[in-house]
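Spelled out from the first residue to the last, the chains are:
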Amino acid sequence: MGFLSAFTGSAQRKDATNAYNDSTKTLQEGYGQAQGNLTSGYNSANSAYDTAAGNINQGYGNALSALGQGIDKAVGTYQPWYQSGTQANTMYGNALGLNGQAQQQQFVQGYKGNPFLQANTDFANKAIMQQMNARGLSGSGTAAAAVAQESLRRGSDDYNNYLSQLAGVSGQGLQAAGQIGGLYAQQGKDTANMYAQQGSDLANISGQRANLGWQYGQGQAGLNTDLAATQAGNRINYGNALAQSRGILGNNLMGLLGAGINAYSAMSGAPKVGGR
């Protein structure tokens, strides 16, 4: 049976078919492994980009938080000066009547009730009366006029000095406000720069991720092309092997026929096939 299969070419066709099927299976397995490795590498790289993007966002978030905390701490340092300056500026405006007559009158009443002002007046009047007593002018019109004159001068000086003090404290508040404004302005610039850099870093990651996707596509396309080319070559070889096997029977029959004729010729004395 084996001889007959080999004689007719059936065994050769079976061997060719088995070889083709084995090579195709091996090729498919190798392609699957290559595709799996390519996909695994792509997924790992893509996951790494996700991690990098998360780290960038977290890093910038921490930096922004630290920046905000630093600004808040610095502003808190200036805050008492700013608050006292704001209050002094309001009182200074009330004294000048900038905020209305009622506020001006309220300021004057409050100024009159200043304990230090009253104590200072009492000390000054006592000193004048002591001088008047020493000169024998106690209770005289001269003493009264001196007290009144000194009270008027001192009252004007004290009032102007108080306004100057308010203006000074107001100026300190203005300076503190400028410092606070500068801090917030710098925070705005730093924050904008950080957001710009964060966007640039994320855009860079997106670009690298896009390049990774392109390389992955190129790798897949290369695998598909190699698979198709190799399978096409296998099919051609398989077809050639089948075509050759289909001529085996005819060739063998022709060989047998030639051998039979030669045998007959030898027995009958006729020339051999092929002239031999």
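Residues numbered from 1 in each chain as written. Predicted model: local features only at pLDDT ≥ 70, side-chain atom pairs only at ≥ 80, totals over all residues. Heavy atoms only, no water.

Undergrad: Got a sec to walk through the overall build of the chain? Specific residues and values, please.
TA: Helix and strand content of the chain: 6 helices and 0 strands. Counting from the amino terminus, helix and strand elements in the chain follow one another as α-α-α-α-α-α. For the chain, the proportion of its 276 residues judged to be buried stands at 20%. The long-range fraction of contacts in the chain, counting pairs at least 24 apart against all pairs at least 6 apart in sequence, stands at 81%. (Helix = DSSP H or I, 4+ residues; strand = E, 2+ residues; numbered from the N terminus. Buried < 20%, exposed > 50% of the residue type's maximum accessible area, 1.4 Å probe, protein only. Contact = heavy atoms within 4.5 Å.)

Undergrad: Run through the nonpolar core, naming residues and quoting values.
TA: Judged by nonpolar contacts, Y49, A53, I56, Y60, L64, L67, I71, V75, I180, M194, I205 and L212 together constitute the single largest core of 12 residues. For this core, the secondary-structure elements that each account for two or more residues are α2 (10–95) and α5 (141–246). Here this core takes 8 residues from α2, the largest share from any one element. In this structure, L67 is in contact with Q187, D190, T191 and M194, ignoring residues within four places of it in sequence. Of all hydrophobic cores here, the second largest spans 5 residues; its members include A88, A95, F107 and L163. (Core = buried A, V, L, I, M, F, W, Y, C linked by side-chain atoms within 4.5 Å.)

Undergrad: Lay out the environment of M91 in plain terms, naming residues and giving numbers.
TA: Among the structural elements, M91 can be located in helix α2. Those residues in contact with M91, other than ones at most four positions away along the chain, are F107, Y162 and L166.

Undergrad: So what about the confidence of the model for the chain? Which residues, and what values?
TA: On average, the chain scores 78 in pLDDT, and the residues at 70 or more come to 67%. Between the elements of the chain, mean pLDDT differs from a low of 49, seen in helix α1 (residues 2–8), to a high of 88, seen in helix α3 (residues 101–112). (pLDDT = per-residue confidence, 0-100.)

Undergrad: So what about the pattern of salt bridges? Which residues, and what values?
TA: Two side chains of opposite charge can pair, provided their charged atoms sit close to one another. Evaluated as defined, the whole model comprises 1 salt bridge. Note that R209 and D50 form a salt bridge whose closest N and O atoms lie 2.9 Å from each other. Linking R209 in helix α5 with D50 in helix α2, this pair joins segments that are 159 residues apart in sequence. Residue R209 is classed as partly exposed on the basis of its relative accessible area, which comes to 24%. (Salt bridge = Lys/Arg side-chain N within 4 Å of Asp/Glu carboxyl O.)

Undergrad: Describe the packing of aromatic side chains, listing the residues and the values that go with them.
TA: Applying the stated criterion across every chain yields a total of 3 aromatic pairs. On the basis of an interplanar angle of 25° and a centroid distance of 6.0 Å, the ring pair of F107 and Y162 is categorised as stacked. Within this pair, whereas F107 is found in helix α3, its partner Y162 is found in helix α5, the two being separated by 55 residues in sequence. F107 sits in the buried class, given a relative accessible area of 7%. Exposure remark for Y162: the relative accessible area of 21% places this residue in the partly exposed category. One aromatic cluster in this structure is built from F107, Y111 and Y162. (Phe/Tyr/Trp six-rings, centres within 6.5 Å; stacked < 30°, edge-to-face > 60°.)

Undergrad: Hey, could you go over the environment of Q105 for me, with residue numbers and the actual values?
TA: Within the secondary structure, Q105 is located in helix α3. Among the residues examined, Q105 registers a relative accessible area of 46% and is labelled partly exposed. Between the C-alpha atom of Q105 and that of N94, which follows or precedes it by 11 residues, the distance is 8.3 Å.

Undergrad: Mind laying out the side chain of Q198, listing which residues take part and the relevant values?
TA: Looking at the secondary structure, you find Q198 in helix α5. A relative accessible area of 13% means that Q198 is categorised as buried. Other than its neighbours up to four places away in sequence, Q198 contacts I56, N57 and Y60.

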